[in-house]
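Close look at the chain arrangement
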Amino acid sequence: MTRDTALRSEPDTSRQILLIEDEARMRAMLTDNLEFERYKVIAVASGEEGLEEFDRHDVSLVILDLMLPRMSGFDVCQRLRARGSRVPIIMLTARTHETDRIRGLDVGADDYVSKPFSVRELLARVRAQVRRDDWHSAPASEFTFGEVTVKLRSRLVTRNGRRIGLSPREFELLRYLLAHRNEVVSREQLLRDVWGYHHLSVTRTVDNYIAKLRTHLESYPHEPQFIVTVHGSGYQLVV
Ligand code: CA
């Protein structure tokens, strides 16, 4: 394989890359090359492990194989996005079908590389994603608005210092709204990214969950101050 030292970016040892690839040889080869580029690499063989490691580390980029045992790369990608993470994701796949590429981008991948690929090309794409990524400097893990404090890592939500028990889905919805705070998000976007639904017939579900979150978090749920309705468009967390 070629290692292009001339194109090497300045070493940035704070960048951690999560590599999810079940083929041991491919995993070792990519780890070797990425470490040569001075990235820290967390390499795992399954989507389940990948999601666990993602929660444990401050990951700057995910390289995700599509064909994984049990949980596919699509599923992993969708779960990461459903958590509100905007970490850059590059998908790797042996498939070349257009539909897979489109589906990959649909579930939130930023880039897509078909095997066999040249390592140089992949590294160039990694650099491009990392560079593009302001995300790294801004992954706040704690938010406060009004009487509410949200600690994402420990999944702790308090209001006036008292713990609020949110259901897992309510928490994921809140996490997503925080990740997109001060942006208008549509019901369709919430269904796709928080629920993983691609059929848009049940937007009422979103309204019900929004109502529950308001009851938990707002002083006057019927006159919400933070989780506001943008008529005709969706919802916006104003913080
Ligand atoms: Ca594979």
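A brief structural summary. Computed from a prediction, not measured in an experiment: that's the story for all the values here. (Residues numbered from 1 in each chain as written. Predicted model: local features only at pLDDT ≥ 70, side-chain atom pairs only at ≥ 80, totals over all residues. Heavy atoms only, no water.)

Some details on the pattern of salt bridges
Evaluation of the coordinates by the stated rule reveals 18 salt bridges. Measuring nitrogen to oxygen at the nearest pair gives 3.1 Å for the salt bridge that ties R127 to E37. Within this pair, whereas R127 is found in helix 5 (residues 119-132), its partner E37 is found in the loop between helix 1 (24-36) and strand 2 (40-44), the two being separated by 90 residues in sequence. Under the relative-accessibility criterion, R127 is labelled buried at 9%. Of the charged contacts, one joins R86 and E183 as a salt bridge, the two residues approaching to 3.5 Å between their closest N and O atoms. Highlighted residues: R86 in the loop between helix 3 (73-82) and strand 4 (89-93) and E183 in the loop between helix 6 (168-179) and strand 10 (184-185), separated in sequence by 97 residues. Overlapping salt bridges, with partners in common, bring together E21, E23, D65 and K115 in one network. (Salt bridge = Lys/Arg side-chain N within 4 Å of Asp/Glu carboxyl O. Helix = DSSP H or I, 4+ residues; strand = E, 2+ residues; numbered from the N terminus. Buried < 20%, exposed > 50% of the residue type's maximum accessible area, 1.4 Å probe, protein only.)

Looking at helix 1
In this model helix 1 runs 18 Å from its N-terminal to its C-terminal C-alpha over 13 residues, within 8% of the 18 Å that 1.5 Å per residue would give. Within helix 1, burial applies to M26, R27, L30, T31, N33 and L34. Just downstream of helix 1, R38 is the residue with a positive phi angle, here 75°. (Expected span 1.5 Å × (residues − 1).)

Remember, this is a structural readout, not a statement about activity or role.
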